[in-house]
Amino acid sequence: MHFTRMAAWAGFLVVASSAPALPAIRSEFTKHYKSAPAGAQVKAGCALCHVGNTLKRNPYGADLEKALKAAGLTKPTAAVFAKIENLDSDKDGVKNGVECAKGTLPGDPKSK
Ligand SMILES: [Ca+2]
């Protein structure tokens, strides 16, 4: 009985420690837009900036990457986010800043 409980706990620790940490860029996004309602952005996970779970950037991710490179940074600052807030990366008629603040996806035209 005691062994079973220890084995279950050890299994939990292995699973928990192998879960990928949220990438730094995503953490900065969440901090910057902390008042956005949790919903589509949380559910999207990596797809907030990427195409599914690939490394390929969606339109918002591509614009964020461009702004980061222009600023010579690897982690976005408030100024970097602000620089792309007036763009409509996914061309759905809603600017990135509005989408980021209201919790929709700035890189997915089906979300606005
Ligand atoms: Ca959108």
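An account of the accompanying structure is given in this report. (Residues numbered from 1 in each chain as written. Predicted model: local features only at pLDDT ≥ 70, side-chain atom pairs only at ≥ 80, totals over all residues. Heavy atoms only, no water.)

## Some points on the layout of surface pockets
Quantified by volume, the largest pocket comes out at close to 340 Å³. Contributing to the lining of the largest pocket are 17 residues, with Pro23, Ile25, Arg26, Cys49 and His50 lying nearest its centre. The biggest single contributor to the lining of the largest pocket is helix H4 (residues 59-71), with four residues. For the lining of the largest pocket, the residue count by class is ten nonpolar, four polar and three charged. (1 Å grid on protein atoms, 1.4 Å probe; cavity = no way out; pocket = protein on both sides within 12 Å on 5 of 7 lines; lining within 4 Å. Points joined across faces, edges and corners; volume = space filled by probe spheres on them. Helix = DSSP H or I, 4+ residues; strand = E, 2+ residues; numbered from the N terminus. Nonpolar A, V, L, I, M, F, W, Y, C, P; charged D, E, K, R; others polar.)

## Description of the coordination of the calcium ion
Taken together, the protein donors to the calcium ion comprise Asp90 (OD), Asp92 (OD), Glu99 (OE), Glu99 (OE), Leu105 (O), Asp108 (O) and Ser111 (O), at separations of 2.1 to 2.7 Å. The motif formed by the donor residues of the calcium ion, counted along the single chain, is D-x1-D-x6-E-x5-L-x2-D-x2-S. With aspartate 92 in the loop between helix H5 (78-83) and helix H6 (96-102) and leucine 105 in the segment after H6, this residue pair connects regions lying 13 residues apart in the sequence. (Donors = N, O, S within 2.8 Å, 3.2 Å for Na, K, Ca; no water.)

## Some thoughts on helix H2 (residues 24-32)
Structural remark: α-helix, 3.6 residues per turn; residues separated by three or four positions point the same way. All buried positions along H2 are accounted for by Arg26, Glu28 and Phe29. For H2, the angular spread of the buried residues around the axis is 160 degrees, confining them to a single face. Residues of H2 that are buried in the fold lie against helix H3 (40-44), H4, H5 and H6. (Buried < 20%, exposed > 50% of the residue type's maximum accessible area, 1.4 Å probe, protein only. Arc of directions from axis to C-beta. Contact = heavy atoms within 4.5 Å.)

## Considering unusual backbone geometry
One can expect most non-glycine residues to show negative phi and most peptide bonds to be in trans. Despite not being glycine, lysine 91 shows a phi value in the positive range, around 55 degrees. Its location among the elements puts lysine 91 in the loop between H5 and H6. Judged by its relative accessible area of 71%, lysine 91 is exposed.

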